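# An overview of the molecular structure
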Amino acid sequence: VNQPESIIPGKPLFFATAMTLGGVATGVLVESHMNRPTKIEGNPDHPSSLGASDAFMQASVLGLYDPDRSQVIRKLGDTATWGDFIGALQPVLNGAKTNGAGLRILTQSTTSPTFGAQMQALLAQYPGMKWHQWEAVNRDGVREGGRMAFGRYVNTHYDFTKANVVVSLGADFLGEGPGHLRYARDFMSRRKVRSVGVPATQSINRLYAIEGSMSNTGSVADHRIVIKPSQMESVARAILAGASAEPVLATLIKDLQANRGASVVIAGEEQPAAVHALAHAINAQLGNIGTTVLVTEPIEVAPVNQLASMQELVRDMNSGAVQALIILSGNPVFDAPADLQFAKALDKVPFRAHHSLYYDETSLRCHWHIPEAHYLETWTDARGHDGTVSIIQPPIAPLYNGRSAHEIIGGLVGGLDQSPDQTV
């Protein structure tokens, strides 16, 4: 009887939001039919996608409707309520006021300014509390390489429209990693000679891919150099030194030196910190920093060495220093390094809670499990690969009364009735 506003049966609505992967946001457009998201595409106005999308973005809508998603709050495996969980938190928080050192929060990587502000408020409220971060596929090499080169954590992104020569040190920058959709478009814009258009190009760029196995980037390289992964650092040192006995490397070095300020040397996400530091040194030597290589403040709220952070958490759990651990997303029981024996250490913590999309291996080892809201079901924010802040808005209400990380932290800080849209 009462027609919902803006909804015409058979005519889709489109919502601008963003999806995070590894904490980094990529802008998307969500096609919605009768308040049901059905298709994900890139947002043409977002600098990290420019309208493009990848397999993760396309598949993310399937996760929204996944029947295996967690649907209820659980206490020791039995159904419970949000009120039960908040009530159980109170003794933990009261104890943390006198002994904040016993409280730990474990999250994945985050670039959300709002979540960062909440965590700072929580840390101020419980000075002895510690915040740990862990992702199985993390960017520790990128972070530590940047710190080795600049003396502090930084964020690096690239302008391939200005690069005449690109050298990949095991970097599949056209197929993976933050900003790869933007990089692919910018790089390919230089593969066609044209006198008009943006940019106008009189000559195409050249790509040297140095890698141990075939990648998307290597498949389009002008020169593909196959080496053992263990040789990558020595190759990078040879490029920095400006001399090599290998003819193909000698040609590469000559090409780079002829294009000072108009080249890019990029190291792969999985490369060790030393290779990333060498890539920064080469770019600095060639005068690329500030032109094709842009170095800014970190986009992550609190960048850390995640392996070291996880090792510290496990040591504290084994020593009995952790009285309460709240895990936001992730599945560390499954994907933490086997030699850390995370599950065994976790069992020693008196209060354990897990916030996750699925009732998984970590949930089974925790006293409490809180269903997580899908990114299409909640408000939040995050930064893109270049630092652009993106608002993440929900085109649909939570299907299973899932909760966002903002609500969990709000419950710890004291904002029990604050909704995610009020927080953001």
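A brief report on the enclosed structure follows. What you see is a predicted model; the values in this text were computed from it and never measured.

## Details of the overall build of the protein
Along the backbone of the protein there are 15 helices and 18 strands. Whereas a compact globule of 424 residues would reach a radius of gyration of roughly 22 Å, the protein reaches 24 Å, a difference of no more than 12%. Principal axes of the C-alpha set define a box for the protein whose edges measure 70 × 65 × 35 Å. Looking at the protein as a whole, 50% of its 424 residues qualify as buried.

## Structural notes on the packing of aromatic side chains
By the definition in use, this model includes nine aromatic pairs. With a centroid separation of 6.0 Å and 40° between ring planes, the pair formed by Tyr 158 and Phe 160 is classed as tilted. Pair check on accessibility: Tyr 158 and Phe 160 agree, each one buried. Ring centres of Phe 160 and Phe 187 lie 6.5 Å apart, and the angle between their planes is 85°; on these two criteria the pair is classed as edge-to-face. One end of the pair, Phe 160, is in the loop between strand 8 (155-158) and strand 9 (165-169); the other, Phe 187, is in helix 5 (residues 180-188), and 27 residues separate them in sequence. Judged by its relative accessible area of 0%, Phe 160 falls in the buried class. Of the residues examined, Phe 187 reaches a relative accessible area of 0% and is grouped as buried.

## Side note on the sheet that holds strand 12 (residues 263-267)
Across the sheet, four strands lie side by side as 11-10-9-12; this open sheet has parallel pairing. Across the chains shown, the open sheet's two edge strands, defined by having one partner strand only, are strand 11 (223-226) and strand 12. Going across the sheet, the axis of each strand differs from the next one's by a mean of 10°, ignoring polarity. The strands touched by helix 8 (residues 247-257) within the sheet are strand 9, strand 10 (206-211), strand 11 and strand 12, with strand 10 carrying the most contacts at an inclination of about 135°. Against the sheet, helix 9 (residues 273-285) engages strand 9 and strand 12, with an angle of about 170° to strand 12.

## Considering the packing of helix 7 (residues 232-241) against helix 9
Two elements in contact, helix 7 and helix 9, have axes separated by 9 Å at closest approach and are oriented at 15°. On the basis of their axis angle, the class for helix 7 and helix 9 is roughly parallel. For the pair helix 7 and helix 9, the sense of crossing is left-handed. The segment helix 7 lies against helix 9, with Met 232, Glu 233, Ala 236, Arg 237, Ile 239 and Leu 240 engaging Ala 274, Val 275, Leu 278, Ala 281, Ile 282 and Gln 285. Residues belonging to the contact of helix 7 with helix 9 are distributed by class as follows: nine nonpolar, one polar and two charged.

## Quick notes on the sheet that holds strand 15 (residues 351-356)
Strand order in the open sheet formed by seven strands is 5-4-16-15-14-6-7, with mixed pairing between adjacent strands. Of all strands in the sheet, those bounded by a partner on one side alone are strand 5 (78-80) and strand 7 (130-133). Each adjacent strand pair in this sheet contributes to an overall mean axis angle of 20°, direction not counted. Pairing analysis gives four bridges linking strand 6 (residues 103-107) to strand 14 (residues 324-328), with the strands arranged parallel.

## Side note on the layout of surface pockets
The volume enclosed by the second largest pocket comes to roughly 210 Å³. Along its surface, the second largest pocket is lined by 14 residues, and Gly 170, Glu 211, Gly 212, Ser 213 and Glu 270 are the ones closest to its centre. Considered class by class, the residues forming the lining of the second largest pocket number five nonpolar, five polar and four charged.

## Focus on the environment of Gly 179
Note on placement: Gly 179 falls in the loop between strand 9 and helix 5. Judged by its relative accessible area of 6%, Gly 179 is buried. Distance in space between the C-alpha atoms of Gly 179 and Gly 116 is 22 Å, their sequence separation being 63 residues.

What counts and how
- Numbering of residues starts from 1 in every chain and runs along the sequence as written.
- Where local features are concerned, this predicted model is filtered to residues with pLDDT of at least 70; where side-chain atom pairs are given and counted, the filter is 80 or more; whole-chain, interface and lining totals use all residues.
- Each side-chain value is derived from all of the structure's non-hydrogen atoms; neither hydrogens nor water enter the calculation.
- Note on conventions: DSSP H or I runs of at least 4 residues are helices, E runs of at least 2 residues are strands, and numbering of each starts at the N terminus.
- Atoms counted for the radius of gyration: C-alpha only. Globule rule: 2.2 Å times the number of residues to the power 0.38.
- Categorising residues by exposure relies on relative accessible area from a 1.4 Å probe, with only protein chains included: less than 20% of the type maximum marks a residue as buried, more than 50% marks it as exposed, and the intermediate range marks it as partly exposed.
- Only Phe, Tyr and Trp rings are paired, with Trp represented by its six-membered ring, and only when their centres lie within 6.5 Å; those with planes under 30 degrees apart are stacked, over 60 edge-to-face, the remainder tilted.
- When DSSP finds at least two bridges between two strands, those strands are taken to pair.
- Axis lines are fitted through C-alpha atoms, for helices just across the contact stretch, and the angle between N-to-C directions can take any value from 0 to 180 degrees.
- Contact between two residues is taken to exist if any of their heavy atoms lie within 4.5 Å; hydrogens are not considered.
- Just so you know how the angles are binned, under 35 degrees is roughly parallel, over 145 roughly antiparallel, 65 to 115 roughly perpendicular, and the rest oblique.
- In this scheme the handedness of a crossing depends on how the near helix is turned from the far one: anticlockwise by less than a right angle means left-handed, clockwise means right-handed.
- Only Asp, Glu, Lys and Arg are considered charged, only Ala, Val, Leu, Ile, Met, Phe, Trp, Tyr, Cys and Pro nonpolar, and every remaining residue, Gly among them, polar.
- Using a grid of 1 Å spacing that covers the protein atoms alone, one calls a set of points a cavity when a 1.4 Å probe fits there but cannot get out, and a pocket when the set is open and has protein on both sides within 12 Å along at least five of seven lines; lining residues are those with an atom within 4 Å of a point.
- Grid points are joined across faces, edges and corners, and a volume is the space filled by probe spheres set on the points.

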